[in-house]
Amino acid sequence: MNKSTSLKTKLLNSPYIVWSALFVIAPLIFVVYYSFTDIDGNFTFENVLSLTAYTDTIIRSVWFGVVSTIICLVIAYPIAYIMAHSKAASQRTMMIMVMLPMWMNFLIRTYCWMVLLQDTGIINTFLGKLGISPVHMINTPGAVILGMVYDFLPFMILPIYSVMTKLDPSIVEAAQDLGCNRFAVLRKCVIPLSMPGVISGITMVFVPSVSTFYISQKLGGGSFELIGDVIERLYLTPNQNNVGAALSMFLMILILICMAIMNKFSNSSEEGMVI
Amino acid sequence: MKILSKIYTFLVFFFLYIPIFVLIIFSFNESKSTSVFTGFSFDWYLALLEQEDILNALKTTLILAVGSSVISTVFGTAAAVGIDSLRKGWLRSATMGVTNIPMMNPEIVTGFSMMLLFVFASKLLGISDSMGFGTLMIAHITFELPYVILNVLPKLRQTDRNLAEAAQDLGCRPVQAFFKVVLPSIKPGIITGMIMAFTLSLDDFIISYFTNGREFQTLPTIIYSMTKKRVTPVIYSLSTLIFFSILLLLILTNLIQYLNEKKQNKTSD
């Protein structure tokens, strides 16, 4: 009996293990391999050393990522709270309304913002009609961050909301019975208990905003290149895959470090879905 | 306080929907302008029907989404059952760790690393133009698998192991026991996983962009190349149609869910 179950286990697992080895592990090994070799396959440190040329880009990416994550958190937390405390029917509607823009292609959404923010765009046309002189918005760091916040806001709202709906209302009642006012309830119960949602929201916004490309190309007008844009540019230039690999490796390590720091704050080791 | 939270909710949703309103309105614009509305017309919807490259890309995207989500659902469910039967130990944690990689890694790194693999493999095999539908399919299955596995695993853990054994004691073969007892109880997880896989595939741009070999276009990659040039409102009419199809799909699935819950409540009363 025992023998047959272990055979079954092996049969079920081996195809998946082989697939992962081929298409998850092997590509990562190639990233490392390409990072340390030149076009002819000779060992070199040149690619990694050439990354110093992108110091500004790297700092800018991390900075934009941090700022947009903070803005997302500030906007998302109250809305998640409001959603979780609404009637069941309106909760369902609001859930759909948050998810809907997420399923629109992010390229199109970003492009629409470009149309809105342009110097002769919709917002400025509207301001002109009100007699206000046009405001220059496109091709500024603010526009790029706005694009990131817009694209990734649902990723912050959903995990916080889903944690808040699971929050036991009797805990809040108990706190009130013990003499907590509104603020104290929020500070001592709601916020600490919703931390797992906040943490997964932060990772879900920070990772895509640090590694994004396209947003800064469209809303930043090419003057605020981010790590993702450089990787794309290197991919499109012939024979630059090795430097691209080195930058990808760097991005991966950067994200891993951030994740490790985030994991220090949360102790969940669940093997399950967040949403 | 009530009014304040209503205003806040309105503002957030307004922010989320302005670009979408803009594209819907301007998809009906008469002129080519994307900032001044000159008059109502269906011209850009008619123009869409004539763009064969877009229609082809739409077909590819749908085939890819259906194919990859079905394969990754079957494959992922089998893998989840396999992982669930593994005893706690290094193999289990290693498998779980590997499963998390495509979800944790930035998409651009996943895409770029797979591209390196495909380039290397085609060099090794001596094929000059290897990237296309096949590589897209492999890439999509790979990034969808974790979502299926992580949706099925919790359901498997909730399933009582004794049930399958009881079925076997009552004369089922192990395979029968799986299909008759285990599968029905993990079905919700499988369905959620499959829907997630499908929508992820439909919407994926970054990974497809690196693995399509630049010739083979899906809808998101063709939209990307369109926005690199001066954009015509054709892209708006296309997006409006996509928006309303997603809206319809979401309302339908929620309605079904709602009716099911209602039915369950009735029977339990």
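Calculation criteria
Residues numbered from 1 in each chain as written. Chains lettered and ligands numbered in written order. Predicted model: local features only at pLDDT ≥ 70, side-chain atom pairs only at ≥ 80, totals over all residues. Heavy atoms only, no water. Salt bridge = Lys/Arg side-chain N within 4 Å of Asp/Glu carboxyl O. Helix = DSSP H or I, 4+ residues; strand = E, 2+ residues; numbered from the N terminus. Buried < 20%, exposed > 50% of the residue type's maximum accessible area, 1.4 Å probe, protein only. Contact = heavy atoms within 4.5 Å. Buried area = accessible area lost by both parts, 1.4 Å probe. Polar contact = N/O pair within 3.5 Å; in protein donor to acceptor, adjacent residues only side chain to side chain. Nonpolar A, V, L, I, M, F, W, Y, C, P; charged D, E, K, R; others polar. Arc of directions from axis to C-beta. Phe/Tyr/Trp six-rings, centres within 6.5 Å; stacked < 30°, edge-to-face > 60°. Domains from an automatic or database assignment.

Trainee: Explanation requested: the pattern of salt bridges in the structure shown.
Mentor: Where side chains of opposite charge bring their charged atoms close, a pairing between them can arise. What the rule picks out here adds up to five salt bridges over all chains. Here Lys228 of chain B ties to Glu232 of chain A by a salt bridge, and the two come within 4.0 Å at their closest N and O atoms. Taken as a pair, Lys228 of chain B in helix 10 (residues 219-228) and Glu232 of chain A in helix 12 (residues 227-236) lie in two separate chains rather than in one. Given a relative accessible area of 3%, Glu232 of chain A falls into the buried group.

Trainee: I tried to follow the interface of chain A and chain B on my own but got confused; where do I start?
Mentor: By a widely used convention, the size of an interface equals the accessible area lost when the partners come together. Across the contact, 75 residues belong to chain A and 83 residues belong to chain B. Both faces combined, the contact of chain A with chain B buries some 7,700 Å², and carbon together with sulfur accounts for 75% of it. In this structure, the connection of chain A to chain B is made through two salt bridges. Our enumeration of links across chain A and chain B arrives at 10 residue pairs in polar contact (both at pLDDT 80 or more). The biggest single contributor to the side of chain A that touches chain B is helix 1 (residues 2-35) of chain A, with 18 residues. Taken together, the residues of the side of chain A that touches chain B sort by class into 55 nonpolar, 14 polar and six charged.

Trainee: Could you clarify how one ought to interpret helix 2 (residues 43-50) of chain B in this entry?
Mentor: The periodicity of an α-helix, 3.6 residues per turn, causes residues three or four positions apart to be oriented the same way. Residues and elements named next belong to chain B. The complete set of buried residues in helix 2 reads Trp44, Tyr45 and Leu48. In a view along the axis of helix 2, the buried residues occupy a sector of 105°, so they form one face of it. In helix 2, the exposed residues that point more than 90 degrees away from the buried face are Leu46, Leu49 and Glu50.

Trainee: Quick question: what am I supposed to make of the packing of aromatic side chains here?
Mentor: Think of a pair of aromatic rings as described by two things: how far the centres are apart, and how the planes are tilted against each other in angle. Evaluation of the coordinates by the stated rule reveals 39 aromatic pairs over all chains. Geometrically, the ring pair formed by Tyr33 of chain A and Tyr34 of chain A is edge-to-face, given 5.8 Å between the ring centres and 85° between the ring planes. For Tyr34 of chain A, a relative accessible area of 8% gives the class buried. Ring geometry for Phe205 of chain B against Tyr224 of chain B: centres 4.9 Å apart, planes inclined by 40°, an arrangement best described as tilted. Here the residue Phe205 of chain B occupies a position in the loop between helix 8 (174-203) and helix 9 (206-211), and Tyr224 of chain B occupies one in helix 10, the gap between them amounting to 19 residues.

Trainee: Quick question: what am I supposed to make of unusual backbone geometry here?
Mentor: A negative phi angle is the norm for most residues apart from glycine, just as the trans form is the norm for most peptide bonds. Residue and element names in this part refer to chain A. The phi angle at Tyr214 is positive, at roughly 85°, despite the residue not being glycine. By the secondary structure assignment, Tyr214 is in the loop between helix 10 (195-211) and helix 11 (215-219). With a phi angle near 60°, Asn239 is a residue other than glycine that sits in the positive phi range. Within the secondary structure, Asn239 sits in the loop between helix 12 and helix 13 (241-265). A relative accessible area of 57% places Asn239 in the exposed class.

Trainee: How do you make sense of the domain arrangement of chain B when you look at a structure like this?
Mentor: Residue and element names in this part refer to chain B. As assigned here, chain B comprises domain 1 (1-41 + 234-261) and domain 2 (53-229). Look at where the C-alpha atoms of domain 1 and domain 2 centre, and you get two points 30 Å apart. If you look at the interface, domain 1 gives four residues, while domain 2 gives five residues. Here domain 1 and domain 2 share an interface that buries about 440 Å² over both sides, 99% of which is from carbon and sulfur atoms. Among the residues of domain 1 in contact with domain 2, Val234, Ile235 and Leu238 are the three that bury the most area, contributing 76% of the side total. Linking domain 1 to domain 2 there are zero salt bridges. Across the domain 1-domain 2 interface, the total number found is zero residue pairs in polar contact (both at pLDDT 80 or more). By residue class, the composition of the side of domain 1 that touches domain 2 is four nonpolar, no polar and no charged.

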